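Observations on the three-dimensional arrangement
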Amino acid sequence: MRVWLARQIYSTLLRLGTPAYLWRVWSRGRQEPGYRSMWPERLGWHKGPAWQPNAQAPVVWLHAVSLGETRAATPLIHALRASLPGMRLLLTHTTATGREAGVALMTPGDAQAWLPFDTPGAVGRFLAHFRPDVGVLMETEVWPNLMHGARRQGIPMVLANARLSDKSLRQGERFPALLKPAAAALNLTLAQTEADAGRLRQMGAQPVEVMGNVKFDMTPPPQLLARGRAWRTALGRPVVLAASTREGEEPLLLAAWRRLVDGLPAGEVPRLFIVPRHPQRFDEVAAAIEAMGWRVSRRSTWGETGSEAMPDAHALAADVWLGDSMGEMPAYYACADIGVLGGSFAPLGGQNLIEAAACGCPLIVGPSTFNFAEAAEQGLAAGAAWRVATFDEACQQVTQALRDGRLPASREAALTFAAKHQGAAVRMAGCIKALLRQMK
C-alpha cells in the first residue's frame, strides 16, 4: 500500500507538472532547436504503426540520456549487434546533443525517440508502440513509472554501466517507497565497480554483476586525433585544455590563468583552450573570456568539422581558444599537452577522464570526482593524472609539468591505463543476450 501510494502521489505531481515540463523543453529549444523536434514523443505519441514483434530480430531498447551516455553506449551497441545479429535498435535520449550524436549509430530498421516523460500514460504509449524485447538503461536512468510499466508489460530491464555515488544513494534513501521498488524492478544490473555494486544492492537492485566501465572501450576516431594534432602543430606552442567546464568554474579558472600569465614571460605562456560542458553556455563563456581583456577564437569560426578546418591567422594570434563544436572532444584532447578536468573543481563529481586517457592526454583533476571515483583513483595511481585542490594549484602544476619533462611518460601512462581496462562492452552484451534467452 505504501509503495502504491507513493507512486500515485509521484504520478499526480508529474501530471500536474506536465505543462511546465513541456514549456521548459520548448524554451530550451531557443538555444538548441533540436529540443523542439518531434516533441509529441515526450508524451509517448509516435507517428506510424506500432512495431511488430519478430523472433528473429529482437528489439533492443537502449536509453542514453545525453551526449556523454550516447558516446559511452557506442561500444556496447556495436557489441550487441555482433552478439544479436539482425537486432533492431531503439535508441532514446533526453537531450538534443545526445539525440544528434545517436544518429550515427542508426542502421536500417532502427529508430530514435525521446524518452517519454515519466507519467503512466506517456510510458504506456511508448512501450506499446515499440514493444521492446529488452530495455537497457545507461548508468543511472531508473524512473519509477518507466520501471513499473516495463514490469507490467513483461519487458526485462537492464541497468548497464551502472554507477551510484554515496551522495546519490543518500538522496535515493530519502524516498525509499518510490525509488527502491524501481531499482528492485531491474532484472539485471551491470555495475562499473564493486563499490557501485554495493550501493546499488543497498538501493534494492538484484542481481548485480561487476562488469567494468564501457567507456574504456571507446576508441577515439583517428581522423579526430589527427585533426587535433594538426591544430597543435599549426600553433607551435603548448596547449592547456580545460575540458568539460561547468557553470561557476570558468571565472575561477580565468582568474587563476590571469595570475599565471602575469607571472610568465610572454613567450612562455601556453594557449588556453576551454571546452564548456554544455553548448548553451558557449556564448556566456566567450563573453567571460573577453571581459578579461583577452582575444578569443571560437572553434566554430575555423570552418566545418573536416580535416581542412584549421585555425586561421586570427585564431593563431588569439589569447584563448573556445571549443564550441560538438563531437570533437578527441580532437581537443589530441591538441592538448595537458588537460584540466572540468566539473571536478566545483562540488559536481567531475567528468569522465577515460576519454582523455584514450587520447593520450594527461589530466589535472580537482577535489570532486565522486561520479567517477574509482576511475579517477586508478588514473592517479597509473600516473595518467594528478590531483590538486584549486585552479591556482592546477596552473602551478601545468607550469611544472611543461618544464620538467614528465609529459611524454604521462601520455604513455594514460594510453596504457585506458587499454588495460577494456572489454566491458563485450561482457555486458553477453549478459544481455543471456537474459533475452532466459526470458523466452
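Structure's up top.
Cut-offs and rules
- Residues numbered from 1 in each chain as written.
- Predicted model: local features only at pLDDT ≥ 70, side-chain atom pairs only at ≥ 80, totals over all residues.
- Heavy atoms only, no water.
- Pairing = 2+ DSSP bridges.
- Helix = DSSP H or I, 4+ residues; strand = E, 2+ residues; numbered from the N terminus.
- Axes fitted to C-alpha atoms, helices over the stretch in contact; angles between N-to-C directions.
- Contact = heavy atoms within 4.5 Å.
- Patch = residues over 30% accessible without salt bridge, like charges linked within 9 Å, V, L, I, M, F, W, Y side chains within 5 Å.
- Areas by Shrake-Rupley, 256 points an atom, 1.4 Å probe, with all protein chains shown as cover.
- Salt bridge = Lys/Arg side-chain N within 4 Å of Asp/Glu carboxyl O.
- Buried < 20%, exposed > 50% of the residue type's maximum accessible area, 1.4 Å probe, protein only.
- Disulfide = S-S within 2.5 Å.
- Expected span 1.5 Å × (residues − 1).
- Arc of directions from axis to C-beta.
- Right-handed = clockwise from strand over helix to strand, strands pointing away.

Thoughts on the sheet that holds strand β12 (residues 338-341)
Pairing within the open sheet is parallel, and its 7 strands lie in the order β10-β11-β9-β8-β12-β13-β14. Since the sheet does not close on itself, it has two edges, and those belong to β10 (296-298) and β14 (385-387), each with one partner. Strand-to-strand twist across the sheet, computed as the mean angle between neighbouring axes with direction ignored, equals 25 degrees. Bridge count for β12 against strand β13 (residues 363-365) is 2 bridges, and the pairing is parallel. Each residue of the ladder has a partner; that of glycine 339, found in β13, is leucine 363. Packed onto the sheet, helix α15 (residues 373-382) meets β13 and β14 and runs at close to 110 degrees relative to β14.

A look at a nonpolar patch on the surface
On the surface, a cluster of nonpolar side chains totalling about 720 Å² of accessible area is made up of Met1, Trp4, Leu5, Ile9, Leu13 and Leu16. You can see leucine 16 is positioned in helix α1 (residues 2-28). By relative accessible area, leucine 16 is classed as exposed at 67%.

Looking at the sheet that holds strand β6 (residues 188-191)
The strand order β3-β2-β1-β4-β5-β6-β7 describes an open sheet built from 7 strands, whose pairing is parallel. Looking at strand neighbours, the two that pair on one side only are β3 (111-114) and β7 (208-210), the edges of this open sheet. With direction set aside, neighbouring strand axes in the sheet form an average angle of 20 degrees. For strand β1 (residues 59-63) and strand β2 (residues 88-93), the ladder comprises 5 bridges, and the chain directions are parallel. When the sheet's bridge partners are listed, valine 59 is paired in β2 with arginine 88.

As for the state of the cysteines
The tally for this structure, following the rule as stated, stands at 0 disulfides. Just so you know, cysteine 359 is unpaired, no disulfide at all, and the nearest cysteine sulfur is the one on cysteine 361, 7.8 Å from it. A relative accessible area of 9% means that cysteine 359 is categorised as buried. The buried category is assigned to cysteine 361, whose relative accessible area is 2%.

Looking at helix α18 (residues 424-439)
Two residues of an α-helix separated by three or four positions point the same way, owing to the 3.6 residues in each turn. Relative to the 22 Å expected for 16 residues at 1.5 Å per residue, α18 spans 23 Å between its end C-alpha atoms, a close match to the ideal helical length. Within α18, the full set of buried residues consists of Ala424, Ala425, Met428, Ala429, Ile432, Leu435 and Leu436. Along the axis of α18, the buried residues cluster in a sector spanning 130 degrees; they form a single face. Within α18, the exposed residues directed more than 90 degrees away from the buried face are Val426, Arg437 and Gln438. Taken together, the buried residues of α18 touch α2 (67-83), β4 (134-138), β5 (157-162) and β6.

What to know about the pairing of β4
Burial within β4 is extensive, with 5 of its 5 residues counted as buried. The alternating pattern of β4 places Val134, Val136 and Met138 on one face and Gly135 and Leu137 on the opposite face, and all of these are buried. As defined by bridge partners, β1 adjoins β4 across 4 bridges and the pair is classed as parallel. The residue bridging tryptophan 61 from the neighbouring strand is glycine 135, located in β4. In this sheet, β5 lies alongside β4 in parallel orientation, the contact comprising 4 bridges. Its bridge partner being in β5, glycine 135 is matched across the sheet by methionine 157. Note on the crossover from β4 through helix α5 (residues 144-152) to β5: the handedness is right-handed.

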